[in-house]
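# Reading the structure
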Amino acid sequence: MEIRNHILQGENINFILSPNRGDFYEDGALDTIIIHYTASGSAASAIETLTDIDRQVSAHLVIGRDGQISQLLPFNVIGWHAGVSRWGIREGFNKYSIGIEIDNAGMLEEKDGNFVSWFGKNYPPEEVVKGVHRNHTELSYWHVFPQFQIDVVETVCKMLIEAYKISHILGHEEIAPDRKVDPGPAFPLDDFRARLLPGPHPLI
Ligand SMILES: [Zn+2]
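Here's what I pulled together on the structure shown here. The residue numbers shown here count from 1 along each chain, following its written sequence. Totals for whole chains, interfaces and linings use all residues, but because this is a predicted model, local features are given only for residues with pLDDT of at least 70 and pairs of side-chain atoms are given and counted only at 80 or more. Working from all heavy atoms in the structure, the side-chain values ignore hydrogens and water.

## With respect to the pattern of salt bridges
Salt bridges, as used here, are contacts in which a Lys or Arg side-chain nitrogen is within 4 Å of a carboxyl oxygen on Asp or Glu. Within this structure, the stated rule accounts for 9 salt bridges. Among the salt bridges present, the one from R86 reaches E91, with a minimum N-O distance of 2.9 Å. Under the relative-accessibility criterion, E91 is labelled partly exposed at 45%. The residue E174 makes a salt bridge to R134 at a minimum N-O spacing of 3.6 Å. Here the residue E174 occupies a position in helix α3 (residues 172-175), and R134 occupies one in the loop between β15 (128-132) and β16 (139-143), the gap between them amounting to 40 residues. Classification of residues uses two cut-offs on accessible area relative to the type maximum, computed with a 1.4 Å probe and protein chains only: under 20% is buried, over 50% is exposed, and between them is partly exposed. The way it works is that DSSP assigns letters per residue, a run of H or I at least four long becomes a helix, a run of E at least two long becomes a strand, and they are numbered from the N terminus.

As C-alpha cells, then:
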C-alpha cells in the first residue's frame with residue numbers, strides 16, 4: 001500500500017469520489033487525524049450516506065469490518081466529517097484534519113438480554129464491549145471493533161503520519177464532546193495514539 005497523488009493505492013482499496021467536499025487545505029494546516037465510527041449496519045450504507053449530495057457529510061476513508069478500505073476524498077481536500085468542533089484553542093476541525101470512518105454500529109442498548117443498535121439491529125454478546133465512555137460516568141454497551149480492522153486503521157494512520165506530518169490523532173468524541181460519542185470505549189484510542197505518536201502532544 002502506498003499514497004500516490006493523495007490517493008491510497010494497493011489491494012483491498014477502492015476510490016469513490018464524494019461530492020461533499022471543501023477546498024484544498026491551506027499550506028501547513030493539515031496536522032490531525034479524526035477517528036469516527038459510522039454508526040451504520042455496513043460500510044456500503046455508510047458510503048452511500050457519505051457520498052449523498054443531500055447529506056452534506058463525507059470522510060476521507062471508510063474502513064470496513066473486513067479491512068476493505070474505501071477512499072472518498074483525496075488527502076489534500078477538506079472533508080465534512082467534524083462539524084462544530086473544538087479542542088484547545090482550535091475550532092472547526094475539518095480544515096485541519098483527515099477523517100477516518102470505521103464501520104461499526106456504535107452504542108448499543110440492552111433490551112431483555114439482546115444488544116440493539118440505534119437502527120434496530122441485534123448484536124450477539126460476543127460482538128459487544130462493555131465500558132464507560134470518556135465523556136460519561138455510567139457503564140454502557142458498544143459494538144466491538146475486530147482486531148484486524150483496528151490493525152488496518154493503524155497501518156493507514158502510520159502512512160498518513162509519514163506523508164502529512166500529522167501530530168495529533170483525536171476522536172470525534174473529544175472535539176465535539178457535547179454531541180458525539182464516536183469512536184467510543186470499544187476503540188482503543190489512547191493506546192492507539194500513544195503507539196503512533198509517542199511523546200508529549202500539547203493542546204493545539
Ligand atoms: Zn464522527
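Moving on, there is more to tell.
## Here's the deal with the nonpolar core
For our purposes a nonpolar core is just a set of buried Ala, Val, Leu, Ile, Met, Phe, Trp, Tyr and Cys residues, chained together by side-chain atoms within 4.5 Å. Within the largest apolar cluster, 35 residues are counted, with the highest numbers of intra-cluster contacts made by I35, I100, I169 and F187. Put simply, the parts of the chain that give this core at least two residues each are β5 (32-37), β6 (61-63), β11 (97-102), α2 (147-164) and α4 (189-196). In this analysis, two residues are considered to be in contact whenever any of their non-hydrogen atoms come within 4.5 Å of each other. With sequence-adjacent residues up to four places away left out, I169 is seen in contact with I33, I35, I161, L189, F192, R193, L196 and L197.

## Considerations on the environment of S45
Its location among the elements puts S45 in helix α1 (residues 43-50). Sequence-wise, S45 and I34 are 11 residues apart; in three dimensions their C-alpha atoms are separated by 20 Å. N or O atoms within 3.5 Å of each other form a polar contact, as long as, within protein, one can give a hydrogen and the other can take it, and as long as residues adjacent in sequence are counted only when both atoms are side-chain atoms. Reaching out from S45, the side chain makes a polar contact with the backbone oxygen of S42 at a distance of 3.0 Å.

## Considering the sheet that holds β6
Only strands joined by at least two bridges in the DSSP assignment are considered to pair. An order of β3-β7-β6-β11-β5-β17 is seen for the 6 strands of this open sheet, with the pairing classed as mixed. Each of the sheet's edge strands pairs with one partner strand only, and the pair in question is β3 (13-15) and β17 (168-171). Taking each pair of neighbouring strands and ignoring which way they run, the sheet shows an average axis angle of 20°. In this structure, β5 lies alongside β11, joined through 6 bridges in parallel fashion. Each bridged residue has a counterpart across the sheet, and for T32 the counterpart in β11 is S97. Here, axes are lines fitted to C-alpha atoms. For helices the fit covers the stretch in contact, and angles between N-to-C directions go from 0 to 180 degrees. The strands that α4 touches are β5 and β17; relative to β17, the one it contacts most, it runs at about 170°.

## Structural notes on the side chain of Q71
Take Q71: it is sitting in strand β7 (residues 69-71). Residue Q71 is classed as buried on the basis of its relative accessible area, which comes to 0%. For Q71, the side chain forms a polar contact with the main-chain oxygen of H6, separated by 3.1 Å. Engagement of the side chain of Q71 in a polar contact is seen with the backbone oxygen of L73, the distance being 2.8 Å. When residues no more than four places from it in sequence are discounted, the contact partners of Q71 are H6, I7, L8, N14, F15, I16, H60 and L61.

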